[in-house]
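Residue-level structure breakdown
The chain contents come next:
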Amino acid sequence: MDERYDVVVVGGGAAGLSGALALSRARRKVLVIDAGQPRNAPAGHVHNYLGREGTPPGELLAIGREEVAGYGGEVGTGEVVGAERLDDGFRVDLADGGSVHARRLLVTTGLTDELPDIPGLRELWGSDVLHCPYCHGWEVRDRALGILGGPMGVHAALLWRQWSADVTLFRHTGPELTHEEREQLAALRVRVVDGKVAALETGDGRLAGVRLASGEVVGREAVVAPPRFVANSSVLRSLGLEPVEMEVNGNVFGTYIPSEPMGATAVPGVWVAGNVANLQAQVITSAAGGLNAAGQINVDLITEDTRLAVAAAHQHLAPSGEHDWEEQYRAHSTVWSGRPNPPLVTEAADLSPGTALDVGCGEGADAIWLAERGWRVTAVDLSPTALERAACHAAEAGVDVAWQRADVTDWVPEEKAYDLVTSHFVHLGGVLGRRVFARLAAAVAPGGTLLLVGHDVSDLAAGANRPHSPDLYFTAEEVASSLDPAGWDVVVAEARPREAKAHEGDVTTVHDAVVVARRR
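Residues numbered from 1 in each chain as written. Predicted model: local features only at pLDDT ≥ 70, side-chain atom pairs only at ≥ 80, totals over all residues. Heavy atoms only, no water.

If you look the protein up in an unreviewed UniProt entry, it shows as Thioredoxin reductase from Blastococcus colisei. Its UniProt record, at the heading Catalytic activity (unreviewed entry), says of the protein: "[thioredoxin]-dithiol + NADP(+) = [thioredoxin]-disulfide + NADPH + H(+)". (UniProt positions renumbered as here; feature names shortened; annotations may be inferred.)

What follows is the structure, given as structure tokens:
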């Protein structure tokens, strides 16, 4: 579980590798886990795959694995025995006792061909015993073909007649032929042989003929045998996805895992592609299914990544209103450092003590620092919890501060009443922020000092632990220009650098917008 992937692909055939290739090219961290038992291993070549016609199956998979690895994807050999849904994805369990973590799963485990129980048949499967005319019809064209009868025997005989004029239908366990079916077969000169097939006769490792229960042997060069296609669904079953039966003309053709057209299953976060979902898919179709599913998986991950990014940004949004600030303070035993803000220390250290107003005092560090130096301080904040903590800190420091709860968005301090009005990082922007700053300026007595500090706009790209609210940022010049030059002397209006910790814990340089002005 130390290994975490965006997507784990279970099954390394055409569907799985195609999906892994697309996801790796999308810069996802991808792992393909393959049991090394491809369904088409007995076949000599892959057909109908544009650009790869006639490629041996093993060679095609080797090319695919190399392509996936070329884009950073990982391909490993192993058997997945189950998976479990977790809050943040899936645990994928391996037969060797290991496990890996996946945000999403793409299951491309294919199917198993359940063959008729006829001696000699399995040994020739994929060479002289076939089932798909589009996969092997050209290779056995004009040869003596035998069709092993069953529910779809007549259909198979008519289909394979396209590739050879020498076709024999062994009715075997198939139903009685209707008059119409016999008429169709006769018109195409397809021979019908009644009686059960007992075995396939071989010679030098090749098919020699079909032996009937009567003992008669009918010479054939290739036999078409209809398997039952069974989805390899054990991994999906462990997640609650059960295979369903596929019927063709009222006959069960096999089982598959239902999914939406692009491969999404009923379990969120799990996709399927290839033969496990489409029993009739050839290699190129399976590859296309893997590509389609990969595209949808990537979009799903982008949606989740975006949601998580928004949630993370919300964690760094400046609180607004009493409820937000109360949650902020109650969630932490201490929100601020307990030290006075550096601009206050720098700009107020040499001022003669008098009356001071600290707006947005938080846990009281600035107000207590001023009170320790002889200032008669009124400290204002919206949060009752912050004010309670500030009062406790003041008592511990042995100073008196007049603590006052007020919402500065609609609170109006007494005009020209304070020798120092200071406010640090009151998170208000736009028109509201300018209105509050104007009220604070109006509260400065003649000869008094206004000290306003906030986040400079240059910090929007700094990556430090700053609010993700662009409208809360301003420049010192903007605030200074709002003061009437006839009544104010602007002493400082600058972006003042200082060091701060970024989100990752690294130290970075941020800038405080600092305004110091004297009322004439």
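That covers the picture; the talk isn't over yet.
What follows deals with the overall build of the protein. Helix and strand counts for the protein come out as 13 helices and 26 strands. Rg of the C-alpha trace for the protein: 39 Å, well past the compact-globule value of 24 Å for 520 residues, more than 25% over. Based on the C-alpha atoms only, the size of the protein along its principal axes is roughly 120 × 40 × 40 Å. Within the protein, buried positions represent 47% of all 520 residues. Expressed as a percentage of contacts within the protein between residues at least 6 apart in sequence, the contacts between residues at least 24 apart total 63%. Summed over its atoms, the accessible surface of the protein is roughly 25300 Å², and 50% of this surface lies on carbon and sulfur atoms. Each charge class in the protein can be summarised by its mean position, and for the 44 positive and 70 negative side chains these summaries are 3 Å apart. (Helix = DSSP H or I, 4+ residues; strand = E, 2+ residues; numbered from the N terminus. Rg over C-alpha atoms; globule rule 2.2 N^0.38 Å. Buried < 20%, exposed > 50% of the residue type's maximum accessible area, 1.4 Å probe, protein only. Contact = heavy atoms within 4.5 Å. Areas by Shrake-Rupley, 256 points an atom, 1.4 Å probe, with all protein chains shown as cover. Lys, Arg positive; Asp, Glu negative; His and termini not counted. Charge placed at Lys NZ, Arg CZ, Asp CG, Glu CD.)

The pairing of strand 17 (residues 244–248) with strand 18 (residues 251–256) spans 5 bridges and is classified as antiparallel. Bridged to V244 within strand 18 is Y256. Hairpin connection from strand 17 to strand 18: 2 residues lie between these consecutive antiparallel strands, with N249 at a positive phi of about 55°. (Pairing = 2+ DSSP bridges.)

Listed under "domain: Methyltransferase" (unreviewed entry) in the UniProt record, and renumbered for this structure, are residues 357–448. Each end of residues 357–448 is marked by a C-alpha atom, and these two atoms are 11 Å apart; helix forms 38% of the span and strand 27%.

We now examine the pattern of salt bridges. This model, assessed by the stated rule, comprises 29 salt bridges. In this structure, the salt-bridge partner of R103 is D6, at a minimum N-O distance of 3.1 Å. Of the two residues, R103 is situated in strand 6 (residues 99–107) and D6 in strand 1 (residues 4–10); the sequence distance between them amounts to 97 residues. Accessibility classification places R103 together with D6 in one group, the buried group. For the salt bridge of R171 with E176, the shortest nitrogen-to-oxygen distance reads 3.4 Å. In this structure R171 comes out as buried when scored by relative accessible area, which is 14%. Taking the relative accessible area as the measure of exposure, E176 reaches 58% and is therefore exposed. Among the charged side chains, a network of salt bridges with common partners joins D6, R28, R103, R104, D300, E304, D305 and R307. (Salt bridge = Lys/Arg side-chain N within 4 Å of Asp/Glu carboxyl O.)

A few words on the sheet that holds strand 10 (residues 167–170). As summarised here, the arrangement of the 5 strands in space is 8-15-9-10-11, forming an open sheet in which the pairing is parallel. Two strands in the sheet have a free side with no partner beyond their single neighbour: strand 8 (129–130) and strand 11 (191–193). For strand 8 and strand 15 (residues 222–224), the ladder comprises 2 bridges, and the chain directions are parallel. Across the sheet, V129 pairs through a bridge with V223, a residue of strand 15.

Let's shift gears to the domain arrangement of the protein. According to the domain assignment, the protein consists of domain 1 (4–112 + 229–310), domain 2 (116–226) and domain 3 (322–519). Between the C-alpha centres of domain 1 and domain 3 there is a distance of 57 Å. (Domains from an automatic or database assignment.)

Turning our attention to the UniProt feature "domain: FAD/NAD(P)-binding" (unreviewed entry) in the protein. UniProt records the feature "domain: FAD/NAD(P)-binding" (unreviewed entry) for residues 5–284 in the present numbering. Taken end to end, residues 5–284 is 19% helix and 33% strand, and its first and last C-alpha atoms sit 26 Å apart.

What follows deals with helix 10 (residues 365–372). The periodicity of an α-helix, 3.6 residues per turn, causes residues three or four places apart in sequence to face the same way. Buried residues dominate helix 10, accounting for 7 of its 8 residues. When helix 10 is considered as a whole, its buried residues turn out to be A365, D366, A367, I368, W369, L370 and A371. On the buried face of helix 10, the contacting elements are helix 9 (342–348), strand 20 (355–359), strand 21 (376–381), helix 11 (384–397), strand 22 (402–405) and strand 23 (418–424). In the stretch just after helix 10, G374 is the one whose phi turns positive, near 95°.

The next subject is the nonpolar core. Core analysis: the largest hydrophobic core is formed by 26 residues, its most contacted members being L357, V408, V421, L440 and L450. Those residues within four positions of V421 in sequence are excluded, and the remaining contacts are L357, L440, A443, V444, T449, L450 and L451. (Core = buried A, V, L, I, M, F, W, Y, C linked by side-chain atoms within 4.5 Å.)

The next thing to look at is the sheet that holds strand 13 (residues 206–212). Read from one edge of the open sheet, 3 strands run 12-13-14, paired in antiparallel fashion. In the strand order of this sheet, the two ends are held by strand 12 (197–203) and strand 14 (217–219), each with one partner. Averaged over all neighbouring strand pairs, the angle between strand axes comes to 30°, with direction disregarded. As paired strands, strand 12 and strand 13 are joined by 6 bridges and run antiparallel to one another. Among the inter-strand pairings, G203 is bridged to a residue of strand 13, identified as R206. (Axes fitted to C-alpha atoms, helices over the stretch in contact; angles between N-to-C directions.)

This part takes up the environment of D407. Relative to the helices and strands, D407 resides in the loop between strand 22 and strand 23. Within the structure, D407 has its side chain in polar contact with the side chain of T409 (distance 2.7 Å). (Polar contact = N/O pair within 3.5 Å; in protein donor to acceptor, adjacent residues only side chain to side chain.)

Of note, R28 is situated in the loop between helix 1 (14–25) and strand 2 (30–34). Judged by relative accessible area, which is 12%, R28 ranks as buried. If sequence neighbours within four positions are ignored, R28 has contacts with D6, L23, R103, N298, L301, I302 and D305.

Those residues of helix 4 (residues 153–160) that sit buried are G153, V154, A156, A157 and W160. Each buried residue of helix 4 lies within a common arc of 160° when the element is viewed along its axis, so the set occupies one face. Turning to helix 4, the residues buried within the fold contact strand 8, helix 3 (133–136), strand 9 (145–148), strand 10, helix 5 (179–187) and strand 15. (Arc of directions from axis to C-beta.)

On to unusual backbone geometry. Despite not being glycine, R27 shows a phi value in the positive range, around 70°. Relative to the helices and strands, R27 is located in the loop between helix 1 and strand 2. Take R27: its relative accessible area is 79%, and that puts it in the exposed class. Its identity as a non-glycine residue notwithstanding, R189 has a phi of 60°, on the positive side. A relative accessible area of 60% means that R189 is categorised as exposed.

Moving on, we get to the packing of aromatic side chains. Applying the stated criterion across every chain, the model contains 5 aromatic pairs. With centroids separated by 6.3 Å and ring planes inclined at 50°, the aromatic side chains of W160 and W163 adopt a geometry described as tilted. Accessibility classification places W160 together with W163 in one group, the buried group. Considering the side-chain rings of F229 and F253, the 5.0 Å spacing of their centres and the 70° angle between planes classify their relative orientation as edge-to-face. Linking F229 in strand 16 (residues 228–231) with F253 in strand 18, this pair joins segments that are 24 residues apart in sequence. Look at F229 and you get buried, because its relative accessible area is 5%. Of note, R141 hangs over the ring of W138, and the distance from its end group to the ring centre comes to 4.1 Å. (Phe/Tyr/Trp six-rings, centres within 6.5 Å; stacked < 30°, edge-to-face > 60°. Lys NZ or Arg CZ within 6 Å of the ring centre and 35° of its normal.)

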